[in-house]
Amino acid sequence: QIQVGQVGAFAISAVGIANQPKLLLNTAFMSMNVGVTAMVARARGAGDREKANLMLRQGLLFTFVASAVVSVLGWIFAPQLIYIMGADDAPTVEGAITYLRVLMYSMIPFALTTTCTAALRAVGNSRISFIYNTLSNIINVFLNWVLITGNLGAPALGIAGAAIATAISQVVAFFMAVYAISHKEAYLSVGLRQSYRPDAAALGDIIKVGIPAMVEQLIMRVGVILYQRTINTLGTIAYATHSICMNIQSLSFMNGMGWAASATSLVGQSLGKKRYDMAMVYSRYTQWVGFVVSALLGVCFVLFGRPIASLYSDDPSIVNTAARILMFVAVLQPFNASQQILAGSMRGAGDTKVVAYITAFTMFGLRPVIAWLLVTKFQLGLPGAWYALVADQLVRTVLVFLRYNSGKWKNTFKART
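Just so it is clear, the model here is predicted, and its values are computed rather than measured.

### Some words on the confidence of the model for the protein chain
Phase 1 of the analysis: Of all residues in the protein chain, 94% attain a pLDDT of 70 or more, and the chain-wide mean is 85.
Phase 2 of the analysis: Within the protein chain, helix H14 (residues 381–406) carries the highest mean pLDDT (93), whereas helix H15 (residues 408–416) carries the lowest (63).

Spelled out as structure tokens, the structure:
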């Protein structure tokens, strides 16, 4: 997004708008693979390698079919999806449609990579997924530099260049992920000669855990879309500023997401061994580490908010407002990390329905409504929208904590076994 900013505020807005339906689709696949993580982790904990690989193959089968359908529909209905986001000026709409359609070509590789990553994390092999995702991001950054403004003799493709760079990096990550799970001596080892016929029992287990998590994320993204539509009414500059802050927030929230993925895997493995005490220890340890890291991130945003915002734009109005908004991001760090890690622990036990209900209430009921009131009725501008985001995060954290502290999430696993 820093490199996209060189094209102008409209480009940041176009990519930000196009990212909403893209993230809706991406998070749907990533959250559906929570089922793969939980089932593979339990098989690993029980010492059943054959079942772990069966779960991976079934997850790949389901993801391939679903992503193929989504990629076709996403390409066809890209204009409608962009208009739903609230875009109205021609340059932004045109750029957003181009960006979204290019990314649909890499939807299948991206989705299959998320399944591989979910399974590798489930057996404790997050190092490999870290390597190929890191290399993929480096390639993405390099190709953005080459294709957006036209370096090394390449044409200056602007927004299309940003999309092409992302698509290529996702395809590269896919091939590296496939290579990672194709070694015969590895715990997870699949190949084209193995059976990929649908297994009703295995698919059923994956879907039981994955569907509520997917619904949770879909509701979250729909809530974000409604929230973004309110922000769109503030104009291109305000939306560009918001996109920058959301991009920085998303990067910082990766801390909570990473430790949440660890919690899901470790809790799932512990429960597979019938070690409920170990599940609690892993859950508490990941919470503690995630909280410390998030607190440090918050301090960084307080001290260096303006320099960080200036990386994305040299427009004083954008930088000044973004620096103010990053104070909200700083406050949210420990709450978001705790919430995500607690939810990750519960997902490891298969307790995904309650988390989905909580997300639906806060993301669909609270954030868009409060944002609309503060922005439209009370005329608080962009800060009003971020007050709504803070309210959503705080309420969600409290509700997730209450569910976790009740201990009922452990009973969900016992009921399935």
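### Section: a nonpolar patch on the surface
Phase 1 of the analysis: Together, Phe64, Val65, Val69, Val72, Leu73, Trp75, Ile76, Phe77 and Tyr105 give the surface a local cluster of nonpolar side chains, amounting to about 880 Å² of exposed area.
Phase 2 of the analysis: Along the chain, Val65 falls in helix H3 (residues 49–76).

### Observations concerning helix H10 (residues 236–272)
Phase 1 of the analysis: Look at H10: 51 Å from first C-alpha to last across 37 residues, which is about the 54 Å you get at 1.5 Å a residue.
Phase 2 of the analysis: At Met254, H10 shows its largest bend, some 30°.
Phase 3 of the analysis: For H10, the buried fraction is high: 26 of the 37 residues fall into the buried class.
Phase 4 of the analysis: Of the residues flanking the end of H10, it is Lys274, one or two places downstream, whose phi is positive at about 65°.

### So, unusual backbone geometry
A negative phi angle is the norm for most residues apart from glycine, just as the trans form is the norm for most peptide bonds.
Phase 1 of the analysis: With a phi close to 55°, Leu152 is a non-glycine residue in the positive phi region.
Phase 2 of the analysis: Inspection of the secondary structure puts Leu152 in the loop between helix H7 (126–147) and helix H8 (159–180).
Phase 3 of the analysis: A positive phi is found at Lys274, a non-glycine position, where the angle reads about 65°.
Phase 4 of the analysis: When you line up the elements, Lys274 lands in the loop between H10 and helix H11 (276–310).
Phase 5 of the analysis: Look at Lys274 and you get partly exposed, because its relative accessible area is 47%.

### Quick word on the packing of helix H12 (residues 316–348) against H14
Phase 1 of the analysis: In contact at an axis separation of 9 Å, H12 and H14 are set at 20° when each is read in the N-to-C sense. Put simply, H12 runs roughly parallel to H14. In the packing of H12 onto H14, the handedness of the crossing is left-handed.
Phase 2 of the analysis: Of the residues belonging to the contact of H12 with H14, the class tally is 18 nonpolar, six polar and three charged.

### Side note on the environment of Tyr357
Phase 1 of the analysis: With respect to the secondary-structure elements, Tyr357 resides in helix H13 (residues 353–377).
Phase 2 of the analysis: We classify Tyr357 as exposed; its relative accessible area is 57%.
Phase 3 of the analysis: Along the primary structure Tyr357 and Glu216 are separated by 141 residues, whereas in three dimensions their C-alpha atoms are 7.3 Å apart.

### Digging into the environment of Leu143
Phase 1 of the analysis: Summarising the element assignment, Leu143 is placed in helix H7.
Phase 2 of the analysis: By relative accessible area, Leu143 is classed as buried at 17%.
Phase 3 of the analysis: Separated by 187 residues in the primary sequence, Leu143 and Ala330 place their C-alpha atoms 31 Å from one another.
Phase 4 of the analysis: Those residues in contact with Leu143, other than ones at most four positions away along the chain, are Ile148, Ala165 and Ile168.

### Re the packing of H7 against H8
Phase 1 of the analysis: Direction vectors running N to C along H7 and H8 enclose 155°, while the axes themselves pass 8 Å from each other. The orientation of H7 with respect to H8, classified from their angle, is roughly antiparallel. When you trace H7 past H8, the crossing you get is right-handed.
Phase 2 of the analysis: Each residue belonging to the contact of H7 with H8 can be placed in one class, and the counts come to 15 nonpolar, seven polar and no charged.

### Description of the pattern of salt bridges
Phase 1 of the analysis: Throughout the structure, instances matching the rule amount to three salt bridges.
Phase 2 of the analysis: Across the salt bridge formed by Arg275 and Asp277, the nearest N and O atoms sit 2.8 Å from each other.
Phase 3 of the analysis: Taking the relative accessible area as the measure of exposure, Asp277 reaches 42% and is therefore partly exposed.
Phase 4 of the analysis: A salt bridge links Arg367 to Asp392; the nearest nitrogen and oxygen atoms lie 2.7 Å apart. Note that Arg367 is positioned in helix H13 and Asp392 in helix H14, a separation of 25 residues in sequence. Of the two residues, Arg367 and Asp392, neither departs from the other in class, the shared state being buried.
Phase 5 of the analysis: Bridged by salt links that share partners, the residues Arg367, Asp392 and Arg396 form one connected network.

Cut-offs used in this document
- Residues numbered from 1 in each chain as written.
- Predicted model: local features only at pLDDT ≥ 70, side-chain atom pairs only at ≥ 80, totals over all residues.
- Heavy atoms only, no water.
- pLDDT = per-residue confidence, 0-100.
- Helix = DSSP H or I, 4+ residues; strand = E, 2+ residues; numbered from the N terminus.
- Patch = residues over 30% accessible without salt bridge, like charges linked within 9 Å, V, L, I, M, F, W, Y side chains within 5 Å.
- Areas by Shrake-Rupley, 256 points an atom, 1.4 Å probe, with all protein chains shown as cover.
- Salt bridge = Lys/Arg side-chain N within 4 Å of Asp/Glu carboxyl O.
- Expected span 1.5 Å × (residues − 1).
- Bend = angle between axes of the 7 residues up to and from the residue.
- Buried < 20%, exposed > 50% of the residue type's maximum accessible area, 1.4 Å probe, protein only.
- Axes fitted to C-alpha atoms, helices over the stretch in contact; angles between N-to-C directions.
- Parallel < 35°, antiparallel > 145°, perpendicular 65-115°, else oblique.
- Left-handed = near helix turned anticlockwise from the far one by under 90°.
- Nonpolar A, V, L, I, M, F, W, Y, C, P; charged D, E, K, R; others polar.
- Contact = heavy atoms within 4.5 Å.

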